[in-house]
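Descriptive analysis of the structure
Spelled out, the chains give:
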Amino acid sequence: MVPFVKNRWIVFIILLAAGFPAGVGAREKGSVAGVLVDKLSGEPIMGAPLWLDGREPVEVTDEQGRFDFAGVGPGRHEIVVRDPEHVQFRAAFEVTAGKTTRLRYALDPLGREEVQEVIIRSERLEAQVSDVVLEVEEVKKIPGTQGDIVKIVQSLPGVARNLAITGASGLGVVVRGAAPEDSKVLIDGHEVPLLYHFGQVKSVLNSDMLKRIDFLPGGFGAEFGDAIGGVIDVQTRPCSTKRYDGYVELSMLDAGFFLEGPIGDQVGFTAAARRSTVDMWLPEVLPELLPEGVSLDLTVAPYYWDYQTKVEWIPSTKNRFYMMVIGSHDELEFLFERPMSSDPSLRGDFSMWMDFHRIYAVWVHSPKSSWQLKWSVVGGLDRAKLQIGELRYLDISVPNLSSRADLEWQIAEHWKLRAGLSGGVYSYQSEQRLPRMPKEGEVPGKFQTLELIEGDEQILAYGGSAYATVGYAPVEKLLLTGGLRLEAYGDPLFEAALMPRFSLHYEVRPGTVFKTGVGLYQQIAQEDELSETMGNPNLKLERAWHFTIGLQQQMPARVKLDVQYFYKILDRLVVTDKDTVFSNQGIGKIAGLEILIRRELAQDLFGWLAYTLMQSKRKDGPDAPWRLFSFDQTHILTLVLGYSLPTGPVKLAHGRRDGWGFGLRFQLVSGNPVTPLIGGYFDNDYDTYLPIPGLVNSERLPFYHRLDLRVDYTWAFPIWALTVFLDVQNVYNYEAVEGIRYNYDFTERAYIEGLPLIPYLGIIGSF
Amino acid sequence: MRRYIFILPAVLVFTAVGCGGQFAHITLVERLRILGIRAEPPETDIFGEVELSALIADPRGAGRPLDCTWAVCLFELGGAATDISCPGPGSFYLSGDCDSATVRMNDLVAWLAEQGFQVGRFDPDNPPMRELPLIVGLQVQAATVPNGTAPESGAETARGFKRIGVRLAATPEEPNRNPRLRGVSVGGMRWEAGADPLEIVANQKVLVVPEADVGTRQTYMREDDDIERLEDFLFSWFCTSGVFLHRRTILDVDSHGERLDTNTWSLPASVLSPEHTLWLVVRDGRYGTDWLEVPVEILPQS
């Protein structure tokens, strides 16, 4: 297997807007600090003259390639570099009042008529506790991510470990003690149903399509709604209008391609697609893994595909348009020749697939440096199908249309406004014949024994929202923000919610920032909970208050320390109800402390240490006792380190050099709470036993820990480079406990063990 | 709002509950267990009577006395597991013992009315459904353990239940009947009820073949469609020594034309006592049940 990766230097930014409502800067001036490096050698460019907006005086980079401009007015600016040894460089960027915009440019040396595309993200307007800038090449060297930068979200503070085998959080991400379905995934500002393929082996987007991920674990701004957990806002990067680039890759996991380039002077395109290759070899291996007597014909092994295509037109500096189509598909199919129980209908096909498709039309209008409007319209189709034997099925189809407009406006010297409108309509069509699914905290009954509920529903749902956030900076070191969001749901709820959000941001002394915030968040119940046939259509919005307080300290050696305390109060949570199927009787509380110590890439060393101490509890009704949330993980400790050790000179053709690369990831996480099963009833008619549950989540699985290592070596040849890497997961072969399994009548039990040591050897050819 | 997608992995976990190896195989009976509960008839009307019996295995019991309690219970099996406590508080207890018990529907309806439950659902002129499943629970407790000392509470207790179809309206369909087993073939030797114990040599794998009375295999239609279906006969296998390859088999053939009702019995290399039992239970997927209890003598290898 020789996967190919393209040779490109992309700055990738993950913003940990961890815990604060949106704010907007409003100070008089901002500043710019940056560095110029040679694209091929990576060495700093010393003595290069720079012009800011074409004006004098000229700034010249120092021996480290650094430059800075102080007292720069807010808004968009242009920088020009005319270094005698490099191609002339020109780029636009944005400056925010009271902020330092950090830039990093890689310039092509003369003799190679290409301008390196660099994606720069200026500091985010919102007040934040921390931000983390990660480069793609860094993240790809972190063991266990398979080069997928979206997967790094799982190593960030506040994110619970997903159980590898039992799939505790399924397709979602457990953020700060919230249920997976309480967090929202957005791509370019619009919701998509999932971020990862089955088993979270890969994200649904090619990493090279991305500009950044805003990971908002709580206390997010008024521009986001309908989520009481967190928000993962994935944003695609602009298309190149200067050069063609691309690659094809093939591995045991998937095969795909990436291509980008210009179409004329003002139009660029980006295209990528992937298809998993697991189904090509797993059916051959699986029979060897199954115990004797188990007949499982894997007619379609788990497989997925995804695609992304973006075409962007930039007619002027004031306008930018793009169209984008993205989609994802996951499928799995088994054939059970023998019945799974004495219910003969639990035999035959067991299939599951889901997909989503989106088409985007986006216009970004920036007529003046003081304001910008972004308007997007997105149409889509989501589908999910499930077939279990002859009688049980679920078929969901959701065509949808949404639109949002976001405005940023510098109103006055100390005031800035961010406001927007959004609306959407979708048709939820479902046919199902399934038992009612248990809720979080409930022990599933025996699937085959449960009453099947048949339904054929079609709901035309619509809703809209409006938000506004005002930022006010009365003095130099203080920033106050206040936001308000109005959500209105039409059919089937006819309910509205007003959600205030506030934050305070104070620079105690240079390098030390204190921040605090509070906000109200609400979300609509899930579709099956609102179903006429399977749920209760009269459910109210679930609600949460987020409180956050934190301190950010810049330290020597490019190390940054972030400490945050968060507290959430949840109410009107949907729980099972004897009379109404579901009701809003649930409440919850979550408290935690997050510590992040991160060293940005410097002298070939980068990494972070993240620790979360947390407790998440639920109460399923007025008379129910408090219990632990099913994804409660008291301690989450993650250490990520990467180091590069070059051993040779840079090759001009592709910019790579001989050298070693090392990566390490270590996780130490509390085990999840579990409900013990204390016995079973024999169900004669289904020839099975029904479990008798003990106290809900009254036990906890043992601690989990795992060490992943990666080492690679690159041979840089004149026109191409060869990298061989070894990625070893679970280096010391720790038998992690992923769950508890029971014997047939639930009188004996044993631990479900996690994945063993997995070495993964790979070869990458790049050009 | 589009979070419905989370239902899919939930179903995966849901269907996998109870799976797992490294335990004593379910086909090996080592302690007190209920292997089957039969209602005769398996389906009744609201004026009928139903005779209940149970297949109780107690291989360690050496014939010790067992206490059996029968009761009709009112509970719904939701998506979440719960302690159904049947028999338990609020149950309608039936007179009977470990050999049999009787459900008299008239008595039951009167009791339901006293409890304030929806007796109206039993109105035959206005049935909300064609059949109502009635749940009958059985608790079996060992009075003594083999060495004669009293058991610890719950240590030798087995609990189970079954559903009885209650017809709420007259339909042209034939009522469900229990399936019947005629015999079983073990290693080529046929056995039927009342026959002498089979003699089998230890440390081998033998083919076992069920013999059902196909005349008791009925056709039926489900409530929600008009498709005429033939009952599926499913066979569950148990023994006191060795294990069966498949927990259950089905009267059908696979995609290659191979029979799916046969099974393989792996006999142990040696046994302490030659006297053992093989149980074969057949179910029709509609609450109909029958069984055979086959005495087996396992002989040492010569």
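Everything numeric in this text was worked out from a predicted model, so none of it was measured.

Quick notes on the rules
- Residues numbered from 1 in each chain as written.
- Chains lettered and ligands numbered in written order.
- Predicted model: local features only at pLDDT ≥ 70, side-chain atom pairs only at ≥ 80, totals over all residues.
- Helix = DSSP H or I, 4+ residues; strand = E, 2+ residues; numbered from the N terminus.
- Buried ≥ 20, exposed ≤ 12 C-beta atoms within 10 Å, placed from the backbone.
- Contact = placed C-beta atoms within 7 Å.
- Pairing = 2+ DSSP bridges.
- Axes fitted to C-alpha atoms, helices over the stretch in contact; angles between N-to-C directions.
- Domains from an automatic or database assignment.
- Nonpolar A, V, L, I, M, F, W, Y, C, P; charged D, E, K, R; others polar.
- pLDDT = per-residue confidence, 0-100.

A separate point is the overall build of chain A. Along chain A, the regular secondary structure elements total 3 helices and 43 strands. Within the span of chain A, comprising 767 residues, buried residues form 48% of the whole. Within chain A, counting contacts between residues at least 6 apart in sequence, those at least 24 apart form 65% of the total.

Scanning chain B from terminus to terminus reveals 2 helices and 20 strands. Within chain B, buried positions represent 39% of all 302 residues. Across chain B, contacts joining residues at least 24 apart in sequence account for 68% of those joining residues at least 6 apart.

Residue and element names in this part refer to chain B. Sheet topology note: the strand β11 (residues 198–201)/strand β20 (residues 289–299) ladder contains 4 bridges and is parallel. Following the sheet pairing, isoleucine 200 is matched in β20 by isoleucine 298. The pairing of strand β19 (residues 275–283) with β20 spans 9 bridges and is antiparallel. Bridge pairing in β20 links valine 282 to aspartate 290. Counted along the chain from β19 to the antiparallel partner β20, the turn is 5 residues long, and its residue glycine 285 has a positive phi close to 80 degrees.

Bringing the sheet that holds strand β17 (residues 248–250) of chain B into the picture now. Residue and element names in this part refer to chain B. One open sheet accounts for 5 strands, arranged β11-β20-β19-β15-β17; its pairing is mixed. Strands with a single pairing partner mark the edges of an open sheet, and in this sheet they are β11 and β17. Within this sheet the neighbouring strands show an average axis-to-axis angle of 30 degrees, counted without direction. Bridge count between strand β15 (residues 234–239) and β17: 3 bridges; the pairing is antiparallel. Its bridge partner lying in β17, serine 236 is registered against arginine 248.

Residue and element names in this part refer to chain B. Partitioning chain B into domains gives domain 1 (24–167) and domain 2 (181–299). Facing 19 residues of domain 1, the contacting portion of domain 2 comprises 15 residues. Contributing elements (two or more residues each) for the side of domain 1 that touches domain 2: β1 (33–40), β3 (49–57) and β8 (157–167). Classifying every residue of the side of domain 1 that touches domain 2 gives 11 nonpolar, 4 polar and 4 charged.

Take unusual backbone geometry next. For the bond running from B:Glu40 to B:Pro41, omega is 0 degrees, close enough to zero to count as cis. Tracing the backbone through its elements, the reader meets B:Pro41 in the loop between β1 and β2 (43–45). Within the chain, A:Asn730 stands out as a residue other than glycine whose phi angle is a positive 60 degrees. With respect to the element layout, A:Asn730 can be found in the loop between β40 (721–729) and β41 (737–742). You can call A:Asn730 buried: it has 21 C-beta atoms within 10 Å. Although it is not a glycine, A:Asn733 sits at a positive phi angle of roughly 55 degrees. Within the element layout of this structure, A:Asn733 appears in the loop between β40 and β41.

Moving on to the sheet that holds strand β3 (residues 30–38) of chain A. Residues and elements named next belong to chain A. Taken in spatial order, the 3 strands make up an open sheet running β6-β3-β9, and their pairing is mixed. Among the strands making up the open sheet, the edge pair consists of β6 (66–72) and β9 (100–107). The sheet shows a mean angle of 20 degrees between the axes of neighbouring strands, direction not considered. Relative to β6, β3 is paired through 5 bridges, and the arrangement is antiparallel. Each bridged residue has a counterpart across the sheet, and for glycine 34 the counterpart in β6 is phenylalanine 67.

The next thing to look at is the environment of A:Gly463. Residue and element names in this part refer to chain A. By the element assignment, glycine 463 lies in strand β24 (residues 453–472). Between the C-alpha atoms of glycine 463 and glutamate 487, which are 24 residues apart in sequence, the distance is 7.5 Å. Those residues within four positions of glycine 463 in sequence are excluded, and the remaining contacts are Gly423, Gly424, Glu487, Ala488, Tyr489 and Gly490.

All names here are of chain B. Most of β15 is tucked away, with 6 of its 6 residues classed as buried. The alternating pattern of β15 places Leu234, Ser236 and Phe238 and Phe235, Trp237 and Cys239 on opposite faces, both of which are buried. Across 6 bridges, the pairing between β15 and β19 is antiparallel. Bridge pairing links cysteine 239 to leucine 278 in β19.

Detailed conclusions should not be drawn from predicted coordinates in areas where pLDDT is low. Residues and elements named next belong to chain A. Averaged over chain A, the pLDDT score is 81; the fraction of residues at 70 or greater is 83%. Mean pLDDT across the elements of chain A bottoms out in strand β1 (residues 4–5) (30) and peaks in strand β32 (residues 626–628) (96). Predicted confidence for residues 1–27 stays below pLDDT 50, and this span has 152 contacts to residues more than four positions away or in other chains. Segment residues 111–133 is flagged for pLDDT under 50; beyond a separation of four residues in sequence, or across chains, it makes 79 contacts in the model.

All names here are of chain A. For aspartate 349, the location among the structural elements is in strand β20 (residues 348–368). A residue is classified by how many C-beta atoms lie within 10 Å of it, and aspartate 349, with 16 of them, is partly exposed. Setting aside residues no more than four positions away along its own chain, aspartate 349 makes contact with Glu333, Leu335, Gln387 and Gly389.

Let's shift gears to the confidence of the model for chain B. All names here are of chain B. On average, residues of chain B score 82 in pLDDT, and 79% of them reach the 70 mark or higher. Every residue in residues 13–20 scores below 50 in pLDDT, and together they form 16 contacts with partners more than four places removed in sequence or on other chains. Note on the complex model: pTM 0.79, ipTM 0.90.

Mapping A:Phe547 onto the fold places it in strand β28 (residues 542–555). Dropping the residues within four chain positions of it, A:Phe547 is found in contact with A:Val518, A:Phe566 and A:Tyr567.

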